[in-house]
Amino acid sequence: MGWGWVIVTDTLCEGWQAWGEQSGDVEVYETEADAQAEIDYTFDDLRRNQIESGMEPDQEPDAFAIPLDEYTRGRKAIWQRKN
């Protein structure tokens, strides 16, 4: 894998999913700031649409940026409670 940043959404059923993965081409950003700017732009657009449609807007984005070399498709964290 090369260097760069990917934007990831963590889903309950499928774990980490990178933006663009479903189309077969993961979107890689040159810097963390570029990836974060894309997250912010997309989230602002989502909030605007939610408000216009009368929905309660989300408080924060579901997506986050991570280095490409740390991305593992479908990664899931499972938490256990100790008895």
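Conventions used here
- Throughout this document, residue positions are counted from 1 along each chain, in the order its sequence is written.
- Owing to the predicted nature of the model, reporting of local features is limited to residues with pLDDT of at least 70; listing and counting of side-chain atom pairs is limited to 80 or more, with chain, interface and lining totals taken over all residues.
- Heavy atoms from the whole structure form the basis of all side-chain values; hydrogens and water molecules are not counted.
- When DSSP locates at least two bridges between a pair of strands, those strands are taken to pair.
- A run of H or I in DSSP becomes a helix once it reaches four residues, and a run of E becomes a strand once it reaches two; helices and strands are each numbered from the N terminus.
- Multiplying 1.5 Å by the helix residue count minus one yields the expected span of that helix.
- The buried label goes to any residue with under 20% of its type's maximum accessible area, the exposed label to any with over 50%, and the partly exposed label to all in between, with areas taken from a 1.4 Å probe on protein chains only.
- Note that the arc is defined by the directions from the helix axis to the C-beta atoms.
- The criterion used for residue contact is that any of the two residues' heavy atoms lie within 4.5 Å.
- Salt bridge, as used here, is a side-chain nitrogen of Lys or Arg placed within 4 Å of a carboxyl oxygen of Asp or Glu.

### Things to note about the pairing of strand E1 (residues 5-11)
Piece 1. Relative to strand E3 (residues 28-29), E1 runs antiparallel, the two sharing two bridges. Looking at E3, one finds that Trp 5 is bridged to Tyr 29.
Piece 2. Where E1 lies against strand E2 (residues 15-18), four bridges are found, and the strand directions are antiparallel. Within E2, the position partnered with Thr 9 by the bridge is Gln 17.
Piece 3. What sits between E1 and E2 in their antiparallel hairpin is a turn of three residues.

### Description of helix H1 (residues 32-52)
Piece 1. Compared with the 30 Å implied by 1.5 Å per residue over 21 residues, the 30 Å span of H1 between its first and last C-alpha is a close match.
Piece 2. For H1, the complete set of buried residues consists of Ala 35, Ile 39, Phe 43 and Gln 50. Take H1 and look down its axis: the buried residues cluster within an arc of 60°, on one side only. Turned more than 90 degrees off the buried face of H1, the exposed positions are Ala 33, Tyr 41 and Glu 52.
Piece 3. For H1, the secondary structure elements touched by its buried residues are E1, E3 and strand E4 (63-67).
Piece 4. Just beyond H1, the residue with positive phi is Gly 54, at close to 85°.

### Describing the pattern of salt bridges
It is possible for side chains bearing opposite charge to pair when their charged atoms get close.
Piece 1. On inspection of all chains with the given rule, the structure shows one salt bridge.
Piece 2. Here Arg 48 and Asp 45 are joined by a salt bridge, their closest N and O atoms 3.5 Å apart. Taken as a pair, Arg 48 and Asp 45 lie in helix H1 at a separation of three residues, close to a single helical turn.
Piece 3. Exposure remark for Arg 48: the relative accessible area of 42% places this residue in the partly exposed category.
Piece 4. Asp 45 sits in the partly exposed class, given a relative accessible area of 32%.

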